[in-house]
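Chains, contacts and geometry: an overview
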Amino acid sequence: MITKKIESTQNPLIKNILQLQEKARTRKKEGLFIIEGLRELELAQAGGYQLDTLLFCPAIVSFESLKSFINQQIQCIEITKDVYQKLAYRDSTEGVLALAKTKTHALEHLELPENPIILVAEATEKPGNIGAMLRTADAAHIDAVIIANPRTDLYNPNIIRSSVGCLFTNQIAVATTEEAIAFLKARGIHTYAATLQNSCSYHTQDYTAPTAFVVGTEATGLTQAWRESSTQNIIIPMSGTIDSMNVSVAASILLYEAKRQRNFS
């Protein structure tokens, strides 16, 4: 049911949505974030995210096509094309966006199998890299992603966009490095830190036991805590001129080596 129509970009709700897009502080305070696009909404719904408000532009998308997202708890608002274009974060618009409630991404909420594969990303700053790693985590169908010492808000619109909705398809926890190390050790999960120091080639290791790969920033790498606590430090050999590769590419190589060793199970 459509509850109201908004025609002005100066409407208080529209201004609040713009604040949610731009400021992590507002998202944290209100416990809300923005989802844009039909596919992302479908993935969020399948991932157990609760929608609060749905906004759609009838000049772009029909109300009938949105009924699967709507229930009695969701406020449904019709907006004009001008208002939608003010809010739309992506170039390719689909005429729909929603306010959704954030989740608590605590380590203890992770549900892990007996022999998991986990990706740990420490202090990754660029939302695009986080999004790309979430896409790989989904494609490889690993068991969890842990963001250690986060430098950006998980619900940053650029993460949602670059992950093409894989923010909603992965199990994700956010923690300090110390908390993540203690969590993995307590569960007997072997950690392999991608770092130059005291390392061996990644393909020489056995990843058929419970495994966590740890990657850091391209600029500074991993902190000493990971280098010293790891089961083994590993490196991806490089034969070119530069001495580092994109962190999301490195994560992909490591995760797929583990999947290869397990016959992609």
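In this report, the structure presented in the accompanying data block is examined. Just so we're clear, the structure is a prediction, and the values are computed from it rather than from any experiment.

**Some points on the overall build of the chain**
From N to C terminus, the chain includes nine helices and 12 strands. For the chain, whose C-alpha radius of gyration is 20 Å, the value lies close to the compact-globule estimate of 18 Å for 265 residues. With the C-alpha coordinates of the chain rotated into their principal frame, the extents come out at 60 × 40 × 30 Å. Counting over 265 residues, the chain shows a buried share of 49%. Long-range pairs, those at least 24 residues apart, make up 77% of the contacts in the chain between residues at least 6 apart in sequence. Looking at the chain, you have 25 positive and 27 negative side-chain charges, and the mean spots of the two groups are 4 Å apart.

**Topic: the packing of helix α5 (residues 127-140) against helix α9 (residues 247-261)**
Running from amino to carboxyl end, α5 crosses α9 at an angle of 15°, the nearest separation of the two axes being 9 Å. Our classification of the angle between α5 and α9 gives roughly parallel. Classified by chirality, the crossing of α9 by α5 is right-handed. Along its contact with α5, which presents Asn129, Ala132, Met133, Thr136, Ala139 and Ala140, the element α9 presents Val247, Ser248, Ala251, Ser252, Leu255, Tyr256 and Lys259. Classifying every residue of the contact of α5 with α9 gives eight nonpolar, four polar and one charged.

**A few points about the sheet that holds strand β9 (residues 190-194)**
Taken together, the seven strands give an open sheet; going across it, the order is β8-β7-β6-β11-β9-β12-β10, and neighbouring strands pair in parallel fashion. The open sheet has two edge strands with one neighbour each: β8 (172-175) and β10 (199-201). Across the sheet, the axes of successive neighbouring strands diverge by a mean angle of 30°, strand direction being ignored. Strand direction decides the pairing type here: β9 and strand β12 (residues 232-235), joined by three bridges, are parallel. Paired with Ala193 across the strands is Asn233, a residue of β12. Helix-sheet contacts for α5 involve β6 (117-122), β7 (144-148), β8 and β11 (211-215), and the interaxial angle to β7 is about 160°.

**Re helix α3 (residues 38-46)**
Each turn of an α-helix holds 3.6 residues, which means side chains three or four residues apart point in the same direction. Along α3, the positions that sit buried rather than exposed are Glu40, Leu41 and Ala44. Viewed end-on, α3 has its buried residues packed into an arc of 100°, placing them on one side of the element. Those residues of α3 that are buried are in contact with β2 (32-36), β3 (51-56) and β5 (96-101). Following α3 by one or two positions, Gly48 has its phi on the positive side, about 85°.

**Focus on the sheet that holds β5**
Across the sheet, five strands lie side by side as β1-β4-β3-β5-β2; this open sheet has mixed pairing. The outermost strands of the open sheet, each flanked by one partner alone, are β1 (2-6) and β2. Neighbouring strand axes in the sheet, compared pairwise and without regard to direction, differ in orientation by 25° on average. Inspection of the sheet shows β3 paired to β5 by five bridges, in the antiparallel sense. Residue pairing in the sheet places Phe56 in a bridge with Val96 of β5. Across the sheet, helix α1 (residues 12-22) lies against β1, β2, β3, β4 (75-79) and β5, angled at about 90° from β2, the strand it touches most. Contacts from α3 reach β2, β3 and β5 within the one sheet, and its direction differs from that of β2 by about 130°.

Rules behind the numbers
- Residues numbered from 1 in each chain as written.
- Predicted model: local features only at pLDDT ≥ 70, side-chain atom pairs only at ≥ 80, totals over all residues.
- Heavy atoms only, no water.
- Helix = DSSP H or I, 4+ residues; strand = E, 2+ residues; numbered from the N terminus.
- Rg over C-alpha atoms; globule rule 2.2 N^0.38 Å.
- Buried < 20%, exposed > 50% of the residue type's maximum accessible area, 1.4 Å probe, protein only.
- Contact = heavy atoms within 4.5 Å.
- Lys, Arg positive; Asp, Glu negative; His and termini not counted.
- Charge placed at Lys NZ, Arg CZ, Asp CG, Glu CD.
- Axes fitted to C-alpha atoms, helices over the stretch in contact; angles between N-to-C directions.
- Parallel < 35°, antiparallel > 145°, perpendicular 65-115°, else oblique.
- Left-handed = near helix turned anticlockwise from the far one by under 90°.
- Nonpolar A, V, L, I, M, F, W, Y, C, P; charged D, E, K, R; others polar.
- Pairing = 2+ DSSP bridges.
- Arc of directions from axis to C-beta.

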